Amino acid sequence: MDAGEAVTLWASVESLVVVHNVAKRHNVGTMARSATAFGVSEIVLVGRRDFNAFGSHGSTSHLRFRHFHSLSQARHYLKEERNCDICGVEITDGALSIADHPFRKSTAFLLGNEGTGLSAKECEICDFFVYIPQYGCGTASLNVTVAASIVLHHFGVWAGFPERSREGNKFAVAEKPVKQTRRNYCASSAESIAEERKSRKQSASVDIFEENGTSESKSTNLLEALFDDRVQRMTIGEER
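These figures come from a predicted structure and were not determined experimentally.

(A) Focus on unusual backbone geometry. Notably, Asn83 is not glycine yet its phi reads approximately 55 degrees, a positive angle. Looking at Asn83, the relative accessible area reads 46%, which means it is partly exposed. Not every positive phi belongs to a glycine, and His101 is a case in point at roughly 50 degrees. On the secondary structure map, His101 appears in the loop between strand E5 (96-97) and strand E6 (107-111).

Here it is as structure tokens:
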């Protein structure tokens, strides 16, 4: 690949990280630090909107976060709107070595739970899998944040991302952008909130409390809806 081809490639591809079933919430902060170091465009949160920024060293301010309530919603966004391959980082029978750089285009990386790895539902949305070769005998797998760092670095090398300038013995850090959302919270769009409420109503229709003729489930849903409205108003106010 010549210099012109390399520039064309890195300008047309991007990497994303999908966070769904990470057990230790503080790992998201450490993962965000690696994501900014290796040129990730966006972190996609599935399920919970809040996250622990411990270990990020302020890097979350330089990242875009997007939230979805389900894996199917996230997959539709990544495939239809971002035209990404979804790559599961897991030691499966058909997994390809990350050292071979088996990428074709923009890629979203889905990493497994620290203890159980990728679930069956997570595997279903993946287009292919990669694994990280190990050469020692002392551990069965790597910490999820370490694995993320290695995989994202390999993708950056393949994509030809330009190296960041250095200042002394560290890399130059850009100025923090103007704060637009509540700290450590990924605000949902109006469409996403509407989808969540629809899902809650469907779940409530078969709730055991309603089957028994009690109103506990309705009260809980009402409180959650009021909380969501309050959070949305707070978020809009901060954006203004």
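Okay, back to it.
(B) Molecular detail of the pairing of strand E1 (residues 15-19). Burial within E1 is extensive, with five of its five residues counted as buried. Residues Ser15, Val17 and Val19 point to one face of E1 and Leu16 and Val18 to the other, with burial holding for every one of them. The pairing of E1 with E6 spans four bridges and is classified as parallel. In the strand pairing of E6, Val18 is matched with Leu110.

(C) Representation of the pattern of salt bridges in the model. Within this structure, the stated rule accounts for eight salt bridges. Where Arg66 meets Glu42, a salt bridge forms, and the shortest distance between an N and an O atom there is 3.3 Å. Highlighted residues: Arg66 in strand E3 (residues 64-68) and Glu42 in strand E2 (residues 40-46), separated in sequence by 24 residues. Since its relative accessible area comes to 34%, Arg66 is described here as partly exposed. Overall, Glu42 belongs to the buried group, its relative accessible area being 1%. A salt bridge links Lys79 to Asp127, with the nearest nitrogen and oxygen atoms 2.8 Å apart. Remark: Asp127 occurs in the loop between helix H4 (120-124) and strand E7 (128-131) and Lys79 occurs in helix H3 (residues 71-81); sequence separation between them is 48 residues. Its relative accessible area of 37% is what places Asp127 among the partly exposed residues. A single salt-bridge network, built from bridges that share partners, covers Glu14, Glu42, Arg64, Arg66 and Arg82.

(D) Just the sheet that holds E5, in detail. Read across the sheet, seven strands follow the order E3-E2-E1-E6-E4-E7-E5 without closing on themselves; strand pairing throughout is parallel. The open sheet terminates on both sides in strands that have one partner only, identified here as E3 and E5. On top of the sheet, H3 reaches E1, E2, E3, strand E4 (85-89) and E6; it is set at about 155 degrees to E2, its chief contact. Strand contacts of helix H5 (residues 144-159): E1, E2, E4 and E6, with the helix running at about 160 degrees to E6, the strand carrying the most contacts.

What counts, and where the lines are drawn
Residues numbered from 1 in each chain as written. Predicted model: local features only at pLDDT ≥ 70, side-chain atom pairs only at ≥ 80, totals over all residues. Heavy atoms only, no water. Buried < 20%, exposed > 50% of the residue type's maximum accessible area, 1.4 Å probe, protein only. Helix = DSSP H or I, 4+ residues; strand = E, 2+ residues; numbered from the N terminus. Pairing = 2+ DSSP bridges. Salt bridge = Lys/Arg side-chain N within 4 Å of Asp/Glu carboxyl O. Contact = heavy atoms within 4.5 Å. Axes fitted to C-alpha atoms, helices over the stretch in contact; angles between N-to-C directions.

Structural measurements only, silent on function.
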